[in-house]
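# Examination of the molecular architecture
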Amino acid sequence: MWIKTEKQRPNDQQVIFYYFEPFNSYHKGRYSKEADTVYSPHAFTSMIPEVPYWMPIPPLPEEE
């Protein structure tokens, strides 16, 4: 479920999925509480006003 950043921020250094509004695209990144930004693995940084929604990445299923 998507969470509005204006209501709740991720935990510091939490890896998340986020919606990048300027390009109408979705990405995986790590949230920095100190900078209030999301950093992607591709060195792309998004400021929180450009990231209106985020969600935690669910854990992988356990092997059966």
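Each remark here, short or long, concerns the structure printed above.
Read on for an overview of the structure. (Residues numbered from 1 in each chain as written. Predicted model: local features only at pLDDT ≥ 70, side-chain atom pairs only at ≥ 80, totals over all residues. Heavy atoms only, no water.)

With that settled, consider the overall build of the chain. A count of helices and strands for the chain gives zero helices and six strands. Here the C-alpha radius of gyration of the chain, 12 Å, is about what a compact globule of 64 residues would show, namely 11 Å. Principal-axis analysis of the C-alpha atoms gives the chain an extent of 40 × 20 × 20 Å. Residues classed as buried in the chain amount to 31% of the 64 residues present. Partitioning the intrachain contacts of the chain with sequence separation of at least 6 by distance along the chain shows that 45% fall at a separation of at least 24. Of the charged side chains in the chain, 6 are positive and 9 negative, and the gap between their average positions amounts to 6 Å. (Helix = DSSP H or I, 4+ residues; strand = E, 2+ residues; numbered from the N terminus. Rg over C-alpha atoms; globule rule 2.2 N^0.38 Å. Buried < 20%, exposed > 50% of the residue type's maximum accessible area, 1.4 Å probe, protein only. Contact = heavy atoms within 4.5 Å. Lys, Arg positive; Asp, Glu negative; His and termini not counted. Charge placed at Lys NZ, Arg CZ, Asp CG, Glu CD.)

Judged by pairing direction, the sheet is antiparallel, and its six strands sit side by side in the order β1-β6-β2-β3-β4-β5 without closing on themselves. Of all the strands in the sheet, the pair left with one neighbour each is β1 (3-4) and β5 (45-47). (Pairing = 2+ DSSP bridges.)

Looking now at unusual backbone geometry. Its identity is not glycine, yet Q13 carries a phi of approximately 70 degrees, on the positive side. Its place among the elements puts Q13 in the loop between β1 and β2 (15-20). For Q13, a relative accessible area of 39% translates into the label partly exposed. Phi at N24 is positive, roughly 50 degrees, even though this residue is not glycine. By secondary structure assignment, the location of N24 is in the loop between β2 and β3 (25-32). A residue is classified by how much of its surface remains accessible, and N24, at 54% relative accessible area, is exposed.

For S32, the position within the fold is in strand β3. For S32, the contacting residues outside a window of four places in its chain are D12, Q13, T37 and Y39.

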